[in-house]
Amino acid sequence: MTCAFRCGLLFLALGAVACGGGGADDHVAPVPPVDTGTQTADDVVCTSFASRGVKEHVARVHLPSGVVDVGAEVSADVVADASSIGVQGASILTCANTVVRIDIASGAVDTSNVACDVVSADASTVWVLAAGKLARYGSFADVVAHSPSAVTSAPSASRLAPTADGLLASAFQTDTVMRVSRDTGAQTSALKLQGYAGSIIGLSAVKNDRIAIIPWYTDGGIFVFDAKTGARTVSVPRPPTGEILHGLACE
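Computed from a predicted structure; not experimentally measured.

**Q** Report on the sheet that holds strand E12 (residues 133–137), specifying residues and quantitative values.
**A** Here four strands make up an open sheet; going across it, the order is E10-E11-E12-E13 and the pairing antiparallel. Looking at strand neighbours, the two that pair on one side only are strand E10 (118–121) and strand E13 (150–153), the edges of this open sheet. Averaged over all pairs of adjacent strands, the angle between strand axes in this sheet comes to 20°, irrespective of strand direction. Taken together, the four bridges between E12 and E13 define a ladder with antiparallel strand orientation. Following the sheet pairing, alanine 135 is matched in E13 by valine 151.

Following this line, the structure appears as structure tokens:
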């Protein structure tokens, strides 16, 4: 899947350039989002990565408008496969075979030698899923020091995202998002995403009890769902200039 994901992004990004994507304008205004009217979406800013041409950039996506601000360039070798990310302070944490930290402003990368399959984070915790175990760390410095605060069993998932009281988890291709205990790593409930079954390349909790995903490129930019019912409330299309978003961490 990793190779296929990387190659798919590269193929599509090249196509976007051929169609006029990847220009010099770093402020992208997509076509208006589709709001189903079932819920009012307050303004939220999400951190993501944007594939622009053959390059990767830090991106900030505004919901529900869908405006994308493309920022610092990041090594594609580090982030091209990033589908789970987390923000801690001024940095993004993700998995590039090992846990890495990326400075949001500059795109500079700090590496560790801690192996990972999935990484996410919030202001106080870094979660590292690897080899069937879920480890919790306080910070990237703790990761580098191999000093987890706890290690539990891991959910059967390849995407993670923190919530106020637990974790969200999902498979790569699914119609369901799981809720997972922070303390045990066990699934506590599951939510079927209404009207969606496909690949997820970004997952985040959103304030006011919502869940956002980045679907695979054929579906659009970002979908927002009601976290209680699974109903889709907002659909933000891909930017018309062709940026491919992946990885998602919303305020």
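**Q** I'd like to hear about the confidence of the model for the chain, residue by residue, with values.
**A** The pLDDT averaged across the chain works out to 85; a share of 82% of its residues lies at or above 70. Below pLDDT 50 for its whole length, residues 1–25 participates in 39 contacts with residues either more than four positions away or in separate chains. Throughout residues 27–41 the model reports pLDDT below 50, and contacts reaching past four residues in sequence, or to other chains, amount to 44 contacts.

**Q** Describe the pattern of salt bridges, and please don't skip the residues or the numbers.
**A** On inspection of all chains with the given rule, the structure shows five salt bridges. For arginine 182, the salt bridge identified is with aspartate 122, shortest N-O distance 3.5 Å. Of this pair, arginine 182 sits in the loop between strand E17 (176–180) and strand E18 (187–192) while aspartate 122 sits in the loop between E10 and strand E11 (126–130), and the two are 60 residues apart along the sequence. Where lysine 228 meets aspartate 209, a salt bridge forms, and the shortest distance between an N and an O atom there is 3.9 Å. Pair noted here: lysine 228 is in the loop between strand E21 (222–226) and strand E22 (232–236) and aspartate 209 is in the loop between strand E19 (198–206) and strand E20 (210–215), with a separation of 19 residues, a long-range link. Since its relative accessible area comes to 67%, lysine 228 is described here as exposed. Residue aspartate 209 is classed as partly exposed on the basis of its relative accessible area of 36%.

**Q** Describe in detail unusual backbone geometry, supporting the description with residues and values.
**A** Here leucine 63 and proline 64 are connected by a cis peptide whose omega angle stands at 10°. Secondary-structure assignment places proline 64 in the loop between strand E4 (55–63) and strand E5 (68–74). Backbone geometry places alanine 131, a non-glycine residue, at a positive phi of 50°. On the basis of relative accessibility, which here comes to 73%, the residue alanine 131 falls in the exposed class. Of note, the phi angle at asparagine 208 is positive, near 65°, even though the residue is not glycine.

**Q** So what's going on with the packing of aromatic side chains? Residues and values would help.
**A** Counting across every chain of the model gives two aromatic pairs. The interplanar angle of 75° and the centroid separation of 5.8 Å between the aromatic rings of tyrosine 196 and phenylalanine 223 together place this pair among those described as edge-to-face. In this pair, tyrosine 196 sits in the loop between E18 and E19 while phenylalanine 223 sits in strand E21, placing the two residues 27 residues apart along the sequence. For the pair tyrosine 196 and phenylalanine 223, one class covers both residues: buried. Residues phenylalanine 223 and phenylalanine 225 carry aromatic rings whose centres are separated by 6.5 Å and whose planes lie at 80° to one another, so their mutual orientation is edge-to-face.

**Q** Give me the lowdown on the pairing of E18, citing residues and values where you can.
**A** Of the strand pairs in this sheet, E17 and E18 are connected by five bridges, and their pairing is antiparallel. Across the sheet, the residue bridging to threonine 176 is lysine 192, located in E18. From the end of E17 to the start of E18, which pair antiparallel, there are six residues, and glycine 185 there has a positive phi angle of about 80°.

**Q** Just give me the short version of the nonpolar core, but keep the residues and values in it.
**A** Among the nonpolar cores identified, the biggest contains 20 residues, and Leu63, Ile222, Leu245 and Leu248 are the most heavily contacted of them. Of all the secondary-structure elements, those providing two or more residues to this core are strand E3 (44–52), E4, E5, E19, E20, E21, E22 and strand E23 (244–250). Residue contacts for leucine 248: discarding those within four places in its chain leaves Cys46, Thr47, Ser48, Ser83, Ile85, Gly202, Leu203, Ser204, Ala212, Ile213, Ile214 and Ile222.

**Q** Would you mind going over the state of the cysteines in detail, with residue names and values included?
**A** Considering all chains together, one arrives at two disulfides under this definition. For cysteine 95, the disulfide goes to cysteine 116, at an S-S distance of 2.1 Å. The S-S bond linking cysteine 95 to cysteine 116 shows a torsion near 100°; that makes this disulfide right-handed. Residue cysteine 95 is located in strand E7 (residues 91–96), and its partner cysteine 116 is located in the loop between strand E9 (109–115) and E10; the two are separated by 21 residues in the primary sequence. Cysteine 95 sits in the buried class, given a relative accessible area of 13%. Across the chain, the way the bonded cysteines pair up, counted in sequence order, is 1-4, 2-3.

**Q** Lay out the side chain of arginine 159 in plain terms, naming residues and giving numbers.
**A** Mapped onto the secondary structure, arginine 159 falls in strand E14 (residues 159–162). At 8.7 Å, aspartate 81 is the nearest oppositely charged side chain to arginine 159, a buried residue that forms no salt bridge. Among the polar contacts listed, one links the side chain of arginine 159 to the side chain of serine 83, at a separation of 3.2 Å. Side-chain polar atoms of arginine 159 contact the backbone oxygen of isoleucine 200, separated by 2.6 Å.

Parameters and conventions
One numbering rule holds for all chains: residues counted from 1, following each sequence as written. The predicted origin of the model limits local features to residues at a pLDDT of at least 70 and limits the giving and counting of side-chain atom pairs to 80 or more, whereas totals for whole chains, interfaces and linings rest on all residues. Calculated side-chain values reflect all of the structure's heavy atoms, with hydrogen atoms and water omitted. For two strands to be treated as a pair, DSSP must find at least two bridges joining them. Only runs of H or I of at least four residues qualify as helices and only runs of E of at least two qualify as strands under DSSP, and these elements are numbered from the N terminus. Whenever a helix is involved, its axis is fitted only over the stretch in contact; in every case the axis is a line through C-alpha atoms, and angles between N-to-C directions fall within 0 to 180 degrees. The predictor reports its confidence for every residue as pLDDT, a score running from 0 up to 100. By definition, residues are in contact when any of their heavy atoms lie within 4.5 Å. By definition here, a salt bridge exists when the distance from a side-chain nitrogen of Lys or Arg to a carboxyl oxygen of Asp or Glu is within 4 Å. For every residue, the accessible area obtained with a 1.4 Å probe (protein chains only) is divided by the maximum for its type, and the residue is called buried under 20%, exposed over 50%, and partly exposed between those limits. Aromatic rings from Phe, Tyr and Trp, with only the six-membered ring used for Trp, were paired whenever their centres fell within 6.5 Å, and each pair was classed as stacked if the ring planes differed by under 30 degrees, edge-to-face if by over 60, and tilted otherwise. Residues belong to a common nonpolar core when they are buried Ala, Val, Leu, Ile, Met, Phe, Trp, Tyr or Cys residues joined through side-chain atoms within 4.5 Å. In this description, a disulfide is simply a cysteine sulfur pair whose atoms lie within 2.5 Å. For the purpose of counting charges, residues Lys and Arg are taken to be positive, whereas Asp and Glu are taken to be negative. His and the chain ends are not included. N or O atoms closer than or at 3.5 Å make up a polar contact, with two conditions inside protein: a donor-capable atom paired with an acceptor-capable one, and, for residues adjacent in sequence, both atoms drawn from side chains.

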